[in-house]
Amino acid sequence: MTLREHLQTLVLEVLNRKYTQVKSIRFDVSKPREKSFGDFATNVAMVAAKQLRIDPMEIAEAIAPELRSCDVIEDASVARPGFINITLTRRAYLDKLADILSTQDDEAYGYADLGQGKRVQVEFVSANPTGPLNVVNARAAAVGDALVRLLKRVGYDAQSEFYVNDSGTQVELLGESLKARFQELLGRASEIPDGGYPGTYLIDIAKKVIKLSTEADALDSGFAIASQGSPVDFLKEACSKTGQTPASIQAFIDFIATLDPSRMCHAISLYICHQTTKRAGFNAICSQLQDLKMLITPQSGERRAGGAKAADVFLGEVYDGWHFDFSRFAVEEIVEEQQRSLQRFGKRPEGGLRFDCWFRESSLTEEVDKLAQLLISDGRFIAQKDGAIWLRSTGGEESEEWVIRRSSGQPTYFLSDIAYHINKRRRGYERVIDIWGPDHHGHVKRMQRAMEIVANLLPDLNLRPDWLTILIAQQVNLLKDGKRIQMSKRGGEYVTLDDLIREVGADVARFFFLMRRCNSHLDFDIDLAKKTSDENPVYYVQYAHARICSIIDFAKKQGYEEVPQKSNLELLSADEEIDLLKALADFEDLVIASANALEPHRFTSYLIDLASKFHRFYHNHRVVTEDPEITKARLCLCLGVRTVIRSAFSIMGISAPESM
RNA sequence: GCGCCUGUAGCUCAGCAGGAUAGAGCAACGGAUUUCUAAUCCGUCGGUCGGGGGUUCGAGUCCCUCCAGGCGCGCCA
């Protein structure tokens with residue numbers, strides 16, 4: 001139990017004892033701004049005064065003496081207009097330190113069972129698979145990852161998810177753009193389509209396609225020689241070497257068998273080529289055979305042109321209907337690149353920021369159709385107009401409508417987003433938190449409305465009104481030399497997550513993103529972030545940690561144990577020591593409060609404050625002294641600070657270096 | 001025009017389901033270390049919490065209104 005919770009129960013007990021008529025009551029036990037008022041203050045008397053119709057001062061005067069007799073409380077005094085100020089005994093804080101020291105795993109300290117194992121999902125970043133991650137994505141990544149870690153810390157079964165918008169117009173345009181880059185590399189005339197993606201990163205991906213086609217040509221001829229008989233037999237034989245033939249491969253073999261023999265080699269070699277660039281070994285190839293259907297779209301009746309190059313096949317110029325799926329290839333490449341970037345953005349020893357699930361929009365098509373049919377047959381929440389289908393909100397005088405199916409019959413993004421959230425619920429999440437970018441903030445309301453409608457439409461989902469929480473990760477302005485860096489997605493020029501990590505490092509970037517509430521606009525001063533000086537709060541905190549490690553090292557060399565046994569903590573009595581003890585005791589409350597508010601940014605100011613208190617302590621007192629008892633006690637204090645810093649950093653996904 | 005976010009010290013921001021005399025960091029100026037990490041510490045300067053009204057014992061915090069800045073408003077995603 002945290003100190004605050006403990007006091008809360010004590011106060012409530014006393015109140016109920018003194019005033020039995022008090023029913024349920026919500027009061028605060030908080031830290032007063034003014035230090036001289038004491039450690040905690042409660043407004044219980046003023047809140048109860050309303051219910052009881054008694055002067056709050058009178059209530060406070062009645063409660064205070066009772067509180068004074070509790071063993072953790074040193075003093076409880078009354079102040080106008082009815083506050084009770086509480087000072088705790090030093091013992092209470094020393095016990096808390098002992099508590100901290102007894103935790104086995106520093107990175108797990110501060111655990112609270114708020115969530116009771118409830119399944120919660122945090123979906124964040126969810127950048128379109130059309131280019132590298134940018135700085136807003138980076139911000140969402142920092143906040144979302146911290147949120148997941150925080151929720152786990154308070155007992156939720158929290159999962160992270162990245163939604164990949166891998167269908168629709170933009171993905172087609174992406175494919176067109178890649179195709180244009182490919183043609184460009186072949187030395188042919190080409191043009192990036194309107195609304196396409198002119199970023200240079202597609203050139204690199206196009207080079208991979210070139211490589212694929214070159215390898216396919218090589219394989220193709222070799223393959224044709226190796227399989228004097230039927231390529232299908234060859235494939236079967238190859239598969240049999242792996243032991244068994246899974247259904248997906250059987251399906252593929254069946255599919256290949258339907259092709260004109262002249263196309264088989266081509267198809268298989270293109271496929272193998274594609275797979276080997278992605279994964280090593282034949283087993284992996286076999287397990288992924290099904291993908292070929294998406295890579296190469298067959299149509300019957302054509303004959304292979306003599307001496308056709310794979311590049312021509314890719315472009316659909318040889319067999320009508322056969323072509324390389326530029327869209328899908330681009331999406332997969334970009335998604336992998338995004339995964340690599342995120343990995344670099346993670347905490348070093350843990351091997352990066354990994355999402356528990358990468359969910360593809362394209363996997364939802366059936367559910368989207370079903371949802372549309374259900375809405376239509378139900379009829380209560382839709383309107384048909386101009387040949388399109390609109391979702392209509394039930395709320396109030398102002399009815400709102402949003403298109404969910406275009407007159408072309410195509411579902412809109414909104415509809416699949418609704419289906420997506422239904423899918424999340426069906427996967428058993430009891431709560432879902434979405435972190436969206438600034439460009440989506442206009443859609444928060446309609447999504448919430450849609451959820452109300454879904455709750456009505458599908459009562460079996462048992463959707464509670466607060467099931468979905470949407471947070472907005474606001475815009476990020478990058479500053480360099482005091483000036484704003486202009487970013488243009490249209491021109492394909494913008495600062496990426498990778499740039500950011502390269503410039504300032506993952507720890508610094510994360511800390512800066514977590515310094516502010518996620519819904520406030522953020523000025524990111526790159527020059528400041530790069531400075532390895534006292535202007536940079538990240539190093540300030542990390543330095544405190546490194547200092548402690550260094551002290552402990554030194555103490556060990558003097559013959560002290562890492563965790564001193566039988567130390568007399570009572571010796572900690574200097575102002576700086578007491579300040580530190582109190583700050584340490586706040587941590588558990590901070591974890592709970594920031595988890596409840598979904599505000600991981602609170603840790604940054606706490607850490608800066610804790611580090612500051614530690615540095616002051618360090619400056620005024622030696623830890624390792626001639627007196628072994630004082631030394632042991634102070635070592636314990638240092639260890640407590642180290643544990644809390646490590647714990648906080650682990651929630652933030654920032655590393656705690658042992659030396660700097 | 002409609003909607004969302006933001007407005008707190010010269011700058012960047014905290015201010016934790018309204019609580020007491022509004023806090024940090026940076027910048028500016030002045031000091032401290034024969035010591036376990038000077039990436040440190042101490043001090044000074046700095047505020048009509050965008051303006052106005054309301055709710056109440058009490059408002060930076062809640063409500064209304066106005067002003068300023070940013071963003072979003074397609075049968076795009």
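To be clear, the structure that these remarks concern was listed above.
Residues numbered from 1 in each chain as written. Chains lettered and ligands numbered in written order. Predicted model: local features only at pLDDT ≥ 70, side-chain atom pairs only at ≥ 80, totals over all residues. Heavy atoms only, no water.

Things to note about the sheet that holds strand β8 (residues 382-385)
An order of β8-β9-β10 is seen for the three strands of this open sheet, with the pairing classed as antiparallel. Two strands close off the open sheet at either side, each with one partner strand: β8 and β10 (401-405). Across the sheet, the mean angle separating the axes of adjacent strands is 40° when strand polarity is ignored. The pairing of β8 with strand β9 (residues 388-392) spans four bridges and is antiparallel. For Ala 383, the partnering residue across the bridge sits in β9 and is Trp 390. (Pairing = 2+ DSSP bridges. Helix = DSSP H or I, 4+ residues; strand = E, 2+ residues; numbered from the N terminus. Axes fitted to C-alpha atoms, helices over the stretch in contact; angles between N-to-C directions.)

Considering the state of the cysteines
Enumeration according to the criterion identifies zero disulfides in this entry. Cys 549 forms no disulfide, and the closest cysteine sulfur to it belongs to Cys 638, at a distance of 10 Å. A relative accessible area of 6% places Cys 549 in the buried class. The cysteine Cys 638 is free of any disulfide, with Cys 636 supplying the nearest cysteine sulfur at 9.2 Å. (Disulfide = S-S within 2.5 Å. Buried < 20%, exposed > 50% of the residue type's maximum accessible area, 1.4 Å probe, protein only.)

Regarding the packing of aromatic side chains
This structure, assessed with the given rule, holds 16 aromatic pairs. Each ring, one from Phe 162 and one from Trp 358, has its centre 4.1 Å from the other, and the planes form 20°; the classification is stacked. Of this pair, Phe 162 sits in strand β6 (residues 157-164) while Trp 358 is found in strand β7 (residues 357-360), placing the two residues 196 residues apart along the sequence. Considered together, Phe 162 and Trp 358 belong to a single accessibility category, that of buried residues. (Phe/Tyr/Trp six-rings, centres within 6.5 Å; stacked < 30°, edge-to-face > 60°.)

A few points about the packing of helix α23 (residues 602-620) against helix α24 (residues 628-652)
Put simply, α23 and α24 touch, their axes get as near as 11 Å, and they point 160° apart. Here α23 is positioned roughly antiparallel relative to α24, judged by the angle of their axes. The handedness of the crossing between α23 and α24 is left-handed. In this structure, α23 contributes Phe 603, Thr 604, Tyr 606, Leu 607, Leu 610, Phe 614 and Phe 617 to the contact, and α24 contributes Arg 634, Leu 637, Cys 638, Val 641, Val 644, Ile 645, Ala 648, Phe 649, Ile 651 and Met 652. A class-by-class count of the residues in the contact of α23 with α24 yields 15 nonpolar, one polar and one charged. (Parallel < 35°, antiparallel > 145°, perpendicular 65-115°, else oblique. Left-handed = near helix turned anticlockwise from the far one by under 90°. Contact = heavy atoms within 4.5 Å. Nonpolar A, V, L, I, M, F, W, Y, C, P; charged D, E, K, R; others polar.)

A closer look at the layout of surface pockets
By volume, the second largest pocket amounts to about 740 Å³. Residue lining of the second largest pocket: 24 residues in total, with Lys 31, Pro 32, Asp 39, Lys 582 and Asp 586 positioned closest to the centre. Residue assignment for the lining of the second largest pocket shows that the elements contributing at least two residues are α1 (3-18), α22 (575-597) and α23. Residue contributions to the lining of the second largest pocket peak at eight residues, all from α22. Residues of the lining of the second largest pocket, tallied by class, amount to seven nonpolar, two polar and 15 charged. (1 Å grid on protein atoms, 1.4 Å probe; cavity = no way out; pocket = protein on both sides within 12 Å on 5 of 7 lines; lining within 4 Å. Points joined across faces, edges and corners; volume = space filled by probe spheres on them.)

Concerning the nonpolar core
Formed by 154 residues in total, the largest nonpolar core has its most connected members in Ile 73, Leu 88, Phe 345, Phe 513 and Phe 524. Here Phe 345 is in contact with Ala 138, Ala 141, Ala 142, Leu 353, Leu 497, Ile 501, Ala 506, Ala 509, Arg 510 and Phe 513, once residues within four sequence places are set aside. Ranked by size, the runner-up nonpolar core spans 36 residues in total, among them Phe 359, Leu 415, Met 451 and Val 454. (Core = buried A, V, L, I, M, F, W, Y, C linked by side-chain atoms within 4.5 Å.)

Remarks on helix α6 (residues 169-185)
Between its first and last C-alpha, α6 extends 25 Å over 17 residues, near the 24 Å set by a 1.5 Å rise per residue. Of the residues making up α6, those classed as buried are Gln 170, Val 171, Leu 174, Gly 175, Ser 177, Leu 178, Ala 180, Arg 181, Phe 182 and Gln 183. Positive phi shows up at Gly 187, right after α6, with a value of about 80°. (Expected span 1.5 Å × (residues − 1).)

Some thoughts on the protein's contact with RNA strand B
Near RNA strand B, the surroundings consist of 65 residues, among which Arg 406, Arg 516, Tyr 540, Tyr 543 and Ser 550 are the closest. Considering RNA strand B, the proportion of its atoms within 4 Å of the protein that are sugar or phosphate atoms stands at 61%. Measuring from a base nitrogen of RNA strand B, one finds a side-chain N or O atom of Asn 85 at 2.4 Å. Contacts to RNA strand B include Arg 602, whose side-chain N or O atom sits 2.4 Å from a sugar or linking oxygen. Secondary structure elements with two or more residues in the surface near RNA strand B: β4 (83-88), α6, β15 (522-525), α21 (537-557) and α23. By residue number, the principal contributor to the surface near RNA strand B is α21, which donates eight residues. Classifying every residue of the surface near RNA strand B gives 23 nonpolar, 25 polar and 17 charged. (Near = heavy atom within 4 Å. Polar contact = N/O pair within 3.5 Å; in protein donor to acceptor, adjacent residues only side chain to side chain.)

Observations regarding the packing of helix α19 (residues 506-513) against α21
Interaxial distance between α19 and α21 falls to 9 Å at its minimum, and their mutual angle equals 110°. In terms of orientation, α19 lies roughly perpendicular with respect to α21. In this structure, α19 meets α21 at a crossing whose hand is right-handed. Touching Asp 507, Val 508, Phe 511 and Phe 512 of α19 are Pro 537, Val 538, Tyr 539, Val 541 and Gln 542, all from α21. Tallied by class, residues from the contact of α19 with α21 come to seven nonpolar, one polar and one charged.

Side note on the side chain of Asn 137
In this structure, Asn 137 sits in helix α5 (residues 135-153). With residues up to four places along the chain from it excluded, the contact list for Asn 137 reads Val 125 and Ala 127.

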